Amino acid sequence: MTNTNQSITGHQIREQNLLTIRKALHKAQIATISQLKESTGLSVVTINKLILALLATGEVHENGYMTTGSGRPATAYKFNATYKLMLIVSCYKRGGHDYAGYSIHDLFGECIERREELLSNIHTDEFRIGIERSIERYGKIAIIGISMPSDTIGGRVASAIRHDPRSKRLAKHLENRFHVPVFFETDINAATLGCHKRYPDHHYVSGLVLVPGRAPACGFCYQGSLLRGKDGMAGEVRFFPMYNDVGVLPTEPQQADELAQRTIRAVMCVLNPSLLVIYSESLKSGIADRLKKKLGSEAEVALLPKIEINERIRDDIVSGMVTLCLEKLAKL
């Protein structure tokens, strides 16, 4: 029987080896051939061939010499973090207003430029000009990640965030317009992933948006990966029965505080995260202490996670989107 995969096996192996070298150089930033051999397990002959290919594309630069263990200087190779750039568009609320943040990042995740604009309505047309302006200024943008709050939008964009079949059509439409890959993510999913980067020792992290007057939202991250349900949906805590089909946290402070505590208890009892970060600008301070006093059993006390109250969701959103962009670029 003829093996139909034989004709592509060599190419597949080379691409996998290239990916291995890219990851090793990305992690080390600067390395010699012998150091790459030690970190990847590839042969010197293979690494030399791959390095020549990466030099030709500009993904790697020579960076002088380094002294090896034998004392002889060897050529050092530096990962070119600006070979490709990432554009992240993050939509978020602050002080009751909607903003679009635009940030350009290199392949180390370092921010090259950052700005924000006040939005009148969260919709792709609102930030089209901002995206075009970024692409004009930075010709090496290789991917666009767009993060939005799922409770303030509808139609095609909401469909895209849910990752259902309609999302592919919208993403394709935007890719044709901007000529680079485009993907969507919810603000809370991105923020939860960004929070995990700040607390890598916590393997199960939940992020929870609790803002009076807004629908609550929850994200889950396990060992550095987002957890999703059917059609990409997960964390629809606004449908908990205690919200009585209204689906938003009350604006009255005491009512908001009580419902927020019930929401936290439900999340921690069902999911049992080791860390729960609550994104809110206006909840009463000390909610974690008030919650702990209400726990009625030792079992529920044991379920109580580390709780962080965070007023700066955008920082974690951008951090999480950087991670998602890098994951997607590695697969292109």
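How each quantity is defined
Residues numbered from 1 in each chain as written. Predicted model: local features only at pLDDT ≥ 70, side-chain atom pairs only at ≥ 80, totals over all residues. Heavy atoms only, no water. Helix = DSSP H or I, 4+ residues; strand = E, 2+ residues; numbered from the N terminus. Core = buried A, V, L, I, M, F, W, Y, C linked by side-chain atoms within 4.5 Å. Buried < 20%, exposed > 50% of the residue type's maximum accessible area, 1.4 Å probe, protein only. Contact = heavy atoms within 4.5 Å. Salt bridge = Lys/Arg side-chain N within 4 Å of Asp/Glu carboxyl O. Polar contact = N/O pair within 3.5 Å; in protein donor to acceptor, adjacent residues only side chain to side chain. Phe/Tyr/Trp six-rings, centres within 6.5 Å; stacked < 30°, edge-to-face > 60°. Lys NZ or Arg CZ within 6 Å of the ring centre and 35° of its normal. Axes fitted to C-alpha atoms, helices over the stretch in contact; angles between N-to-C directions. Parallel < 35°, antiparallel > 145°, perpendicular 65-115°, else oblique. Left-handed = near helix turned anticlockwise from the far one by under 90°. Nonpolar A, V, L, I, M, F, W, Y, C, P; charged D, E, K, R; others polar.

Colleague: Can you help me understand unusual backbone geometry in this one?
Modeller: Phi is positive for Gln223, close to 50 degrees, though the residue is something other than glycine. Among the structural elements, Gln223 can be located in the loop between strand E10 (217-222) and strand E11 (225-226). Despite not being glycine, Asp245 shows a phi value in the positive range, around 65 degrees. When you line up the elements, Asp245 lands in the loop between E11 and helix H8 (253-271).

Colleague: What is the right way to look at the nonpolar core in this model?
Modeller: Most often, soluble globular proteins have nonpolar side chains that are buried together. In this structure, Ile21, Leu25, Leu36, Ile47, Ile51, Tyr279 and Met321 are the most contacted members of the largest nonpolar core, which totals 42 residues. Among the elements that make up this core, the one with the highest residue count is helix H11 (residues 313-331) (8 residues). Discounting chain neighbours no more than four positions away, the residues touching Ile21 are Thr40, Leu42, Ile47, Leu50, Ile51 and Leu54. Judged by nonpolar contacts, the second largest core, of 23 residues, contains Leu208, Phe220, Met242 and Leu283.

Colleague: For this particular structure, what's the right way to read the pattern of salt bridges?
Modeller: Close approach of charged atoms allows side chains of opposite charge to pair. Throughout the structure, instances matching the rule amount to 17 salt bridges. The salt bridge involving Arg137 is made with Glu113; its shortest N-O contact spans 2.6 Å. Of this pair, Arg137 sits in helix H4 (residues 128-137) while Glu113 sits in strand E6 (residues 111-118), and the two are 24 residues apart along the sequence. For Glu113, a relative accessible area of 18% translates into the label buried. The partner of Arg115 in a salt bridge is Glu117, with the nearest N and O atoms 3.9 Å apart.

Colleague: So what exactly am I meant to see when it comes to the side chain of Glu59 here?
Modeller: Relative to the helices and strands, Glu59 is located in the loop between helix H3 (44-57) and strand E2 (60-67). At 3.1 Å, the side chain of Glu59 forms a polar contact with the side chain of Thr57. Not counting residues within four places of it along the chain, the set of residues in contact with Glu59 comprises Arg22, Leu54, Lys78, Phe79, Asn80 and Tyr83.

Colleague: Could you clarify how one ought to interpret the packing of aromatic side chains in this entry?
Modeller: To describe a pair of aromatic rings, you give the distance between the ring centres and the angle between the ring planes. As enumerated under the stated definition, the model contains 2 aromatic pairs in all. Ring geometry for Phe79 versus Phe108: centroids 5.5 Å apart, planes at 40 degrees, classification tilted. In this pair, Phe79 is assigned in strand E3 (residues 73-79) and Phe108 in the loop between strand E5 (97-105) and E6, connecting sequence segments 29 residues apart. The exposure class of Phe79 is buried, given its relative accessible area of 9%. In this structure Phe108 comes out as partly exposed when scored by relative accessible area, which is 26%. The ring of Tyr102 is capped by Arg115, whose NZ or CZ atom sits 4.5 Å from the centre of that ring.

Colleague: So what exactly am I meant to see when it comes to the packing of helix H2 (residues 33-40) against H3 here?
Modeller: To describe two helices that pack against each other, one gives the angle between their axes and the distance between the axes. In contact at an axis separation of 10 Å, H2 and H3 are set at 115 degrees when each is read in the N-to-C sense. Taken together, the axes of H2 and H3 are roughly perpendicular relative to one another. Considering only the axes of H2 and H3, their crossing is right-handed. Contacts from Ile33, Leu36, Lys37 and Thr40 in H2 reach Val44, Ile47, Asn48 and Ile51 in H3. Within the contact of H2 with H3, the residues separate by chemical class into 5 nonpolar, 2 polar and 1 charged.

Distances and angles like these do not, on their own, reveal function.
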